Amino acid sequence: MADGKKLRDIAWKDFKALPLTEKGTYFQGTPPHTLIAQQFTRKQLEELCTLATRIKRINKRRAGANFLKGLLSDKRAMLYFAQPSSRTYLSHNAACQILGLDTMDVRDTKTSSEVKGESPEDTIRTFSSYADMIIMRHPKGGFAERVAWMLAHTGREIPVLNAGSGSDQHPTQALLDIYTLERSFEDIGGVDGKHVAFVGDLLRGRTVRSLAWMLTLYKDVTLHFVAPEALQIGQDILDLLDEAGTKYEVTQDFASVMPVADAIYMTRIQDEWDEEGESSTESSDYHIGAEHLDIIKDTCAILHPLPRRKEISTDIDNDPRAVYWRQMRNGMWIRAALILQSFGRDDEVNKYYDDY
Ligand code: ASP
Ligand code: CP
C-alpha cells in the first residue's frame, strides 16, 4: 500500500480532516477502493485506458468473451444505488456481466430495511456479508469514504466503488471522460496541451469536480469554466488547480471560449440541489446547437455526462464531434477495467491480449 497507510489504522475524525490527495493514498492498498478522483496518478489512468481497450477488443470474439466471463465468476458485486441512475447503474452491471461477476442490487431504499430504522452503515455492512464488492451511489457527499473506512474496521473490507456521491465526486465518470478524451485526441497529440471547457452547472456538477482534478495530471492543459455566476465552479476546486499549477479561466462568456476549445463538456442544471433558487440563473447562453458547428474547431470533442436537457440540441447528435453517446458506452469498458483491477486480475487480460 502506498506509504503503508491503512484505513484501519486511522480514526474517522483524523481521516476526514485530511486533504483529498492524502486521503487518496489510503485507497490504493488491499483491497483498493475507488472513491475520489484525487487518488489517481497519470500512470494509473493510462493503464486503465489501455486495459479498457484490451477488454473491449478481446470481448469482440466469442472465445475472448468466454475468457473474460471466467475471470471473476467466483465473485459477487452489490449495486447499492440510493439515488436515481441509468448509465452508471447499467454500465457497472454490464461491466460485471462481461467479467462474469454476479450482481445483486438495491435501487430503491424503500425496499431495504433502512425503512425499519437501520442505519446506512449497518445496511452496507449487511451487503458486505454477501458481496465481494460494493458499487454505490449515495446522496450524501463523502459517504462512500465513510463506508470504506467503516468496512476496514469490521474485518470484512471489500472494494468500494463510488458511483456518485452527493454533489462532490463521481470518480468513475471522470475515468470514462478521460478515456473518451484520450480516444478523441489519439491522432492529435493526446490530452496534453488541450483546452477543455466545462459549461453549465459547475457548482453542483460532481462529474466536473472530479474530471477537473484528473485533468491536472496532464501537461499544459487549460480549463475554461463557463457558467452563470451563481453556478460557477467552487473555490475548493480552483485551489486544487492552483496547487497543481493548472491554468484555468472562469467566465460567463461561452461565445469567446467556443472557438478555442478542444473539448466542450456540457452539463445539465442540477436543480435537485437547489437551496436558494440557484437554478433560476439558468440561461440559454449555455447551450450548443447546429448554429455553433461552424464556430467550434473541426477536431473539437463535445462531451456530456448525460442525462441532458436542453443544453445540447439533438440536431447535432450525428455530427462526428458529438461524442457523448460513445462516451457513455466507454463507461462500460473503463468500469470493466476498474473492476478487474480492483481484484488484481488485470495481468491475466494483458497476457491474453499479448498472445491474442
Ligand atoms: N449523471 C451525472 C451524475 O449523476 C450527471 C447528471 O446527473 O447531470 O452526476
Ligand atoms: N452520467 C451519469 O452518472 O448518468 P446516470 O445518472 O444516468 O447514472
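This text follows the structure it describes.
Presented here is an overview of the structure given in this document. Fair warning: this is a prediction, and the values are worked out from it, not measured in the lab. (Residues numbered from 1 in each chain as written. Chains lettered and ligands numbered in written order. Predicted model: local features only at pLDDT ≥ 70, side-chain atom pairs only at ≥ 80, totals over all residues. Heavy atoms only, no water.)

As a further point, take the site of ligand 1. Within the structure, ligand 1 sits among Arg137, His170, Arg206, Thr207, Arg268, Gln270, Leu306 and Pro307. Interatomic distance of 2.8 Å between a side-chain N/O atom of glutamine 270 and an oxygen atom of ligand 1. Surface burial for ligand 1 is 92%, taken as the share of its 260 Å² of free accessible area covered by protein chains. In terms of residue class, the shell around ligand 1 is made up of two nonpolar, three polar and three charged. (Near = heavy atom within 4 Å. Polar contact = N/O pair within 3.5 Å; in protein donor to acceptor, adjacent residues only side chain to side chain. Areas by Shrake-Rupley, 256 points an atom, 1.4 Å probe, with all protein chains shown as cover. Nonpolar A, V, L, I, M, F, W, Y, C, P; charged D, E, K, R; others polar.)

This next bit is on the packing of helix H8 (residues 171-184) against helix H12 (residues 324-342). The relative placement of two packed helices comes down to the angle between their axes together with the axis-to-axis distance. The geometry of H8 relative to H12 is characterised by a closest axis approach of 8 Å and an angle of 115 degrees between their N-to-C directions. The orientation of H8 with respect to H12, classified from their angle, is roughly perpendicular. Note that H8 runs across H12; the crossing there is right-handed. Residues Thr172, Gln173, Leu175, Leu176, Asp177, Tyr179, Thr180 and Arg183 of H8 pack against Gln327, Asn330, Gly331, Trp333, Ile334, Arg335 and Leu338 of H12. Here the contact of H8 with H12 is composed, by residue class, of six nonpolar, six polar and three charged. (Axes fitted to C-alpha atoms, helices over the stretch in contact; angles between N-to-C directions. Helix = DSSP H or I, 4+ residues; strand = E, 2+ residues; numbered from the N terminus. Parallel < 35°, antiparallel > 145°, perpendicular 65-115°, else oblique. Left-handed = near helix turned anticlockwise from the far one by under 90°. Contact = heavy atoms within 4.5 Å.)

Around ligand 2, a shell composed of Ser85, Ser86, Arg87, Thr88, Arg137, His170, Gln173, Pro305 and Leu306 is seen. Separating an oxygen atom of ligand 2 from a side-chain N or O atom of serine 85 is a distance of 2.6 Å. Between ligand 2 and proline 305 there is a distance of 2.8 Å, counted from a nitrogen atom to a backbone nitrogen or oxygen. About the coverage of ligand 2: the protein hides 91% of its 250 Å² of free accessible area. Residue classes in the shell around ligand 2 are distributed as two nonpolar, five polar and two charged.

Attention now goes to the sheet that holds strand S3 (residues 133-138). One open sheet holds the four strands; their spatial order is S2-S1-S3-S4, and the pairing between them is parallel. Edge positions in the sheet fall to strand S2 (102-106) and strand S4 (160-165), since each of these pairs with one other strand and no more. Direction aside, the axes of adjacent strands within the sheet are offset by 15 degrees on average. Of the strand pairs in this sheet, strand S1 (residues 76-81) and S3 are connected by five bridges, and their pairing is parallel. What sits directly across from tyrosine 80, in S3, is methionine 136. (Pairing = 2+ DSSP bridges.)

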